[in-house]
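Here are the chains, one letter per residue:
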Amino acid sequence: MSLKAGIVGLPNVGKSTLFNAITKQNILAANYPFATIDPNVGIVNVPDKRMDVLNEMYMPERLILASYEFTDIAGLVKGASTGEGLGNKFLSHIREVDAIVEVVRCFDDSNIIHVEGGCDPVRDVDIINLELTISDLEIVTNRLDKVYKKAMTTKDADSLVEVSALTKAKDALEHAIPLRDIDFSDDEKQKIKSFQFLTMKPIIYLANIKEDELALPDNNYVTALKEYLQDDKIKVIKMCAKVESELSELSIEEKNEMLEMLGVKSSGLDELINATYEILGLKTYFTVGSDEVRAWTYKDGMNARDCAGIIHTDFRDGFIKAEVMSYDDLIACGSEIKVKEAGKLRIEGKDYLVKDGDICHFRFNR
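Everything numeric here is computed off the predicted structure, so don't read it as measured data.

About the cut-offs
Residues numbered from 1 in each chain as written. Predicted model: local features only at pLDDT ≥ 70, side-chain atom pairs only at ≥ 80, totals over all residues. Heavy atoms only, no water. Axes fitted to C-alpha atoms, helices over the stretch in contact; angles between N-to-C directions. Helix = DSSP H or I, 4+ residues; strand = E, 2+ residues; numbered from the N terminus. Parallel < 35°, antiparallel > 145°, perpendicular 65-115°, else oblique. Contact = heavy atoms within 4.5 Å. Buried < 20%, exposed > 50% of the residue type's maximum accessible area, 1.4 Å probe, protein only. Pairing = 2+ DSSP bridges. Salt bridge = Lys/Arg side-chain N within 4 Å of Asp/Glu carboxyl O. Phe/Tyr/Trp six-rings, centres within 6.5 Å; stacked < 30°, edge-to-face > 60°. Lys NZ or Arg CZ within 6 Å of the ring centre and 35° of its normal. Core = buried A, V, L, I, M, F, W, Y, C linked by side-chain atoms within 4.5 Å. Patch = residues over 30% accessible without salt bridge, like charges linked within 9 Å, V, L, I, M, F, W, Y side chains within 5 Å. Areas by Shrake-Rupley, 256 points an atom, 1.4 Å probe, with all protein chains shown as cover. Lys, Arg positive; Asp, Glu negative; His and termini not counted.

### Notes on the packing of helix α4 (residues 121–154) against helix α7 (residues 220–229)
(1) Moving on: At a minimum axis distance of 8 Å, the contact between α4 and α7 shows a crossing angle of 45°. In terms of orientation, α4 lies oblique with respect to α7. Residues P121, V122, V125 and D126 of α4 lie in contact with α7, whose contacting residues are Y221, A224, L225, Y228 and L229.

Structure follows, in structure tokens:
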């Protein structure tokens, strides 16, 4: 599945430094607004310790982890929705992603320019949210003007559903409520899906702090940010983008040593990747063999036939059955043969809902 998460924020909050860490690419990270204009795209592997175990068990020629794209989108500024700072171009880039990671600066540093004159994470969040809201509202208003009269005149069912959805959206946006918080029906969601509304996308906030604060309780800026977002139940991850960039250059052993020295249990980057995977409702199933062990990303709730189609459309179209064993059963039994002997290898049909950690072998008509 082609999945994308976009990194956004005001200029000079640490977006490009974070992106460097995520993709281990040396992109431009300069101390002035709009150092990044075109979006930089990198592929991110999803950390999964189960893959290490499967690798040791099967010793395959290829080991392929689940992955998705992270896109570093240029810094937004106040007025982006009306074109400030090339804002409309940047907003169009955000429409192309599945989830948003908003980096918020939560430290003071007189050597790093802040486009708003000083650090205030709540204000920064409000600026970004307002621009996303205004951009969505403009699209909703323009579309509603076009379809409302037709819907009321013809009573066409599809048009009425679209009008209902757009009316809900307009009311919400005018009251600064993001569309992800609105209870649209399934039909309404389908009618407005193509608009790729910015405020409908799931979002994670990244509180970028200083290195010497990683092992300490939240500073005042992080506390203020979490309190502000508390009612929305949105994930806030605390990390130091500079440290993550340094960690990305180290071996696993060196990385663990540095984390221990810093007094933290895990990389903030690993937490971000897993959290992004989670908010998109993604799970992992595996295919295994001596030639290849691979993790496949799928949407929670997908059936066996559709999951087979992720590998190839021929697998979906000619689906016969799926031979399935769970990762936990494989590890408990010690081998595929012992899984079969224990009666834990299952034959599932096309409507079987695949579970996270399933190891699947799909049979299909060629």
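Continuing now.
### Let's talk about unusual backbone geometry
(1) Moving on: The residue M59 is not glycine, and still its phi comes out positive at about 45°.
(2) Moving on: Along the polypeptide, M59 turns up in the loop between α2 (49–58) and β3 (62–64).

### Side note on the pairing of strand β9 (residues 292–299)
(1) Moving on: With six of eight residues buried, β9 lies mostly within the body of the structure.
(2) Moving on: When β3 meets β9, the two strands line up parallel, connected through three bridges. Bridge assignment links I64 to a residue of β9, and that residue is R294.
(3) Moving on: Bridging between strand β8 (residues 282–287) and β9 involves six bridges; their strand directions are antiparallel. Considered in β9, the bridge of K283 is made with Y298.
(4) Moving on: Once β8 ends, the chain turns through four residues before running back antiparallel as β9.

### Here's the deal with the pattern of salt bridges
(1) Moving on: According to the stated counting rule, one finds 17 salt bridges in the structure shown.
(2) Moving on: Across the pair E348 and R346 runs a salt bridge whose closest N-O atoms are separated by 2.9 Å.
(3) Moving on: Using a relative accessible area of 26% as the deciding quantity, one classes R346 as partly exposed.
(4) Moving on: Counted as one network, the salt bridges with shared partners bring together D48, R50 and D356.

### Here we look at helix α1 (residues 15–23)
(1) Moving on: Along α1, eight of the nine residues are buried, which leaves the element largely enclosed by surrounding structure.
(2) Moving on: Of all the positions in α1, only K15, S16, L18, F19, N20, A21, I22 and T23 are classed as buried.

### A look at the packing of aromatic side chains
(1) Moving on: Within this structure, the stated rule accounts for seven aromatic pairs.
(2) Moving on: Each ring, one from Y285 and one from W296, has its centre 6.5 Å from the other, and the planes form 15°; the classification is stacked. Here W296 lies in strand β9 and Y285 lies in strand β8, a separation of eleven residues in the sequence.
(3) Moving on: Taking the relative accessible area as the measure of exposure, W296 reaches 11% and is therefore buried.
(4) Moving on: Ring centres 5.9 Å apart and planes at 90° place the aromatic pair Y285 and F362 in the edge-to-face group. Here F362 lies in strand β12 (residues 358–364) and Y285 lies in strand β8, a separation of 77 residues in the sequence.
(5) Moving on: Among the residues examined, F362 registers a relative accessible area of 5% and is labelled buried.
(6) Moving on: Every member of this aromatic cluster is reached through a ring pair, and the members are Y285, W296, Y298, F319 and F362.
(7) Moving on: A cation sits over an aromatic face here: R105 above F107, 5.1 Å from the ring centre.

### What to know about the environment of K149
(1) Moving on: Structurally, the position occupied by K149 is in helix α4.
(2) Moving on: For K149, a relative accessible area of 65% translates into the label exposed.

### Digging into the nonpolar core
(1) Moving on: Core analysis: the largest hydrophobic core is formed by 71 residues, its most contacted members being L18, F70, I94 and L272.
(2) Moving on: The residues touching F70, leaving out its near neighbours within four places in the chain, are A5, I7, F19, I22, N40, V41, G42, V44, V101, L272, I273 and T276.
(3) Moving on: Among the nonpolar cores identified, the runner-up in size contains 17 residues, and W296, A304, F319 and A322 belong to it.

### Considering the pairing of β12
(1) Moving on: Most of β12 is tucked away, with five of its seven residues classed as buried.
(2) Moving on: Pairing of strand β10 (residues 319–326) with β12, which is carried by seven bridges, proceeds in the antiparallel orientation. Bridged to S326 within β12 is D358.

### As for a nonpolar patch on the surface
(1) Moving on: Taken together, the side chains of V53, M57 and I331 define a hydrophobic patch exposed on the protein surface, amounting to about 200 Å² of accessible area.
(2) Moving on: When its relative accessible area of 35% is taken as the criterion, I331 is described as partly exposed.

### Some words on the sheet that holds strand β7 (residues 236–239)
(1) Moving on: In spatial order, the strands read β2-β4-β1-β5-β6-β7; together these six strands make up an open sheet with mixed pairing. Edge positions in the open sheet fall to β2 (40–45) and β7, since each of these has one partner strand only. Between one strand axis and the next, the sheet turns by 25° as a mean value, whatever way the strands run.
(2) Moving on: Alignment of β2 against strand β4 (residues 67–72), held across six bridges, turns out to be antiparallel. For G42, the partnering residue across the bridge sits in β4 and is F70.
(3) Moving on: The strands touched by helix α10 (residues 268–279) within the sheet are β1 (4–8), β2, β4, β5 (99–105), β6 (203–208) and β7, with β7 carrying the most contacts at an inclination of about 160°.

### As for the side chain of E69
(1) Moving on: Structurally, E69 can be placed in strand β4.
(2) Moving on: Buried E69, no salt bridge; nearest opposite-charge side chain is K4, N-O distance 4.1 Å.
(3) Moving on: Dropping the residues within four chain positions of it, E69 is found in contact with L3, K4, A5, V41, G42 and I43.

Distances and angles like these do not, on their own, reveal function.
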